[in-house]
Amino acid sequence: MYQDPSDSPVHSPTPTHTTTTVERGSFCLARCACGWSGPARRSRDRARTDAEEHRSSHASGSSHSYQEKPR
């Protein structure tokens, strides 16, 4: 049976927040399907924490954008 492409499901204007970690040489960074990208970290665990903080901040409805704290 033929299905008209215009009958496809309507996509939400806000993307879901599905995070992953990506390695670049000796660095690791968190990325999200929404386009967000965390800072490069030497610690994979810290990159995973960045990803979780991003995901949880958007799950609670907060409009938090990432800014690294000064050292």
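Residues numbered from 1 in each chain as written. Predicted model: local features only at pLDDT ≥ 70, side-chain atom pairs only at ≥ 80, totals over all residues. Heavy atoms only, no water.

## Considering the overall build of the protein chain
Phase 1: What the protein chain contains, in helices and strands, is one helix and two strands.
Phase 2: Looking at the protein chain as a whole, 20% of its 71 residues are labelled buried.
Phase 3: For the protein chain, the exposed surface amounts to about 5,700 Å²; the carbon and sulfur share of it is 52%. (Helix = DSSP H or I, 4+ residues; strand = E, 2+ residues; numbered from the N terminus. Buried < 20%, exposed > 50% of the residue type's maximum accessible area, 1.4 Å probe, protein only. Areas by Shrake-Rupley, 256 points an atom, 1.4 Å probe, with all protein chains shown as cover.)

## A short note on the pairing of strand β2 (residues 27-32)
Phase 1: Pairing analysis gives six bridges linking strand β1 (residues 19-24) to β2, with the strands arranged antiparallel. Within β2, the residue paired with threonine 21 across the bridge is alanine 30.
Phase 2: The turn linking β1 back onto β2 is made up of two residues, and glycine 25 within it adopts a positive phi angle of 60°. (Pairing = 2+ DSSP bridges.)

## Description of the environment of glycine 38
Phase 1: Position of glycine 38 among the secondary structure elements: in the loop between β2 and α1 (44-59).
Phase 2: In this structure the C-alpha to C-alpha distance between glycine 38 and threonine 21, which are 17 residues apart in sequence, comes to 9.4 Å.
Phase 3: Non-local contacts of glycine 38, meaning those with residues more than four positions away in its chain, are made with Leu29 and Ala30. (Contact = heavy atoms within 4.5 Å.)

## Observations regarding the environment of threonine 19
Phase 1: Along the chain, threonine 19 falls in strand β1.
Phase 2: Apart from the residues lying within four places of it in its own chain, the contact partners of threonine 19 are Arg31, Cys32, Ala51, His54 and Arg55.
Phase 3: Within the structure, the side chain of threonine 19 is placed 2.4 Å from the side chain of arginine 55, a separation counted as a polar contact. (Polar contact = N/O pair within 3.5 Å; in protein donor to acceptor, adjacent residues only side chain to side chain.)

## A short note on the confidence of the model for the protein chain
Phase 1: This prediction gives the protein chain a mean pLDDT of 76; 62% of its residues lie at or above 70.
Phase 2: Here α1 stands out as the least confident element of the protein chain, with mean pLDDT 92; β2 is the most confident, with 95.
Phase 3: A low-confidence stretch, residues 8-12 stays under pLDDT 50, and its non-local contacts, those more than four residues away or across chains, total zero contacts.
Phase 4: Here residues 63-71 scores under 50 on pLDDT; set against residues more than four positions off or in separate chains, the count is eight contacts. (pLDDT = per-residue confidence, 0-100.)

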